[in-house]
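# Structural overview
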Amino acid sequence: MSENAVATLESPRLAPLRAATFHHLGIQTADLANCVSWYQEFFGCKENWALDRFSELTTSRLPGIVKLVELRAGGTRFHLFEREGEGGEAPDPGSAQFQHVCMEVGSPEEMSAWQRHWTRLYESGRFHFTLDEPATEIVTDEDGVQSFYAFDVNGLEYEFTWIPEAAS
Ligand SMILES: [Fe+2]
């Protein structure tokens, strides 16, 4: 295979990207207790963990975030969270959307590669993006979990994450 075959998708001398896999759905609610109960009773979810302190990146994306709960049912995870103040109101019935979808990748190197891949398409001029925003930096939390966020062409938000074995 010529070097150029790989370079079209990835920067020179890096392997082509392995597929990212679905990790969790991010769901904003105006009533966390109500939402957690419903997901527990409807989907049979169990609580994995809860968080009430957040990174700067999270609070810049979601000002006023007060609590996040990870629920799990089988292989599916839901991240339910509540915000205070502006952005914390319940949406009009019928206009609520999933807040973000999280995709998991296999290594820190793949995180960087996915972020560069996103930036390359964004800067190529071949696509119209309804939100004119670059991908965020990759941040690492105290458990070593890495994340960055980027929007698709419609303005739907994706999180990419790498979770070291110790934190999963
Ligand atoms: Fe998330």
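Everything below is about the structure printed above this text.
We now turn to the structure provided with this report. This one's a predicted model, so the numbers in the text were calculated from it and none came from an experiment.

Counted under the stated rule, the structure contains 3 salt bridges. One salt bridge connects Arg-18 with Glu-110, and the closest N-O pair in it is separated by 2.7 Å. Highlighted residues: Arg-18 in the loop between helix H1 (3–7) and strand E1 (21–29) and Glu-110 in helix H4 (residues 108–123), separated in sequence by 92 residues. The class for Arg-18 is exposed, based on a relative accessible area of 55%.

All right, on to the environment of Thr-76 then. In this structure, Thr-76 sits in strand E4 (residues 76–83). For Thr-76, a relative accessible area of 30% corresponds to the partly exposed category. Once the C-alpha coordinates of Thr-76 and His-24 are considered, the two residues, 52 residues apart in sequence, prove to be 6.7 Å apart. Setting aside residues up to four positions removed in sequence, Thr-76 forms contacts with Phe-22 and Leu-71.

If you look at the biggest cluster of nonpolar residues, it comprises 15 residues, and the most contacted ones within it are Ala-20, Val-105, Met-111, Trp-114, Trp-118, Phe-148 and Phe-160. Those elements that provide at least two residues to this core are H4, strand E7 (146–151) and strand E8 (157–162). When residues of this core are assigned to their parent elements, the largest contribution, 5 residues, is made by H4. Those residues within four positions of Trp-118 in sequence are excluded, and the remaining contacts are Phe-129, Glu-133, Pro-134, Ala-135, Ala-150 and Phe-151. One finds Ile-27, Leu-32, Leu-71 and Leu-80 within the second-largest nonpolar core, a separate group that totals 12 residues.

Criteria and cut-off values
- In this convention, every chain numbers its residues from 1, walking through the sequence in written order.
- In keeping with the model being predicted, local features are shown solely for residues with a pLDDT of at least 70 and side-chain atom pairs are shown and tallied solely at 80 or more, while totals for entire chains, interfaces and linings include all residues.
- To get the side-chain values, take all heavy atoms of the structure and skip hydrogens and water.
- When a carboxyl oxygen of Asp or Glu lies within 4 Å of a side-chain nitrogen of Lys or Arg, that pair is called a salt bridge.
- In DSSP terms, a helix is any run of H or I states spanning at least four residues, a strand is any run of E spanning at least two, and both are numbered starting from the N terminus.
- Using a 1.4 Å probe on the protein chains alone, a residue whose accessible area is under 20% of its type maximum counts as buried, one over 50% counts as exposed, and one in between counts as partly exposed.
- Residues count as neighbours in contact if any of their non-hydrogen atoms are within 4.5 Å of one another.
- Among buried residues, the Ala, Val, Leu, Ile, Met, Phe, Trp, Tyr and Cys ones that are joined through side-chain atoms within 4.5 Å form a nonpolar core.

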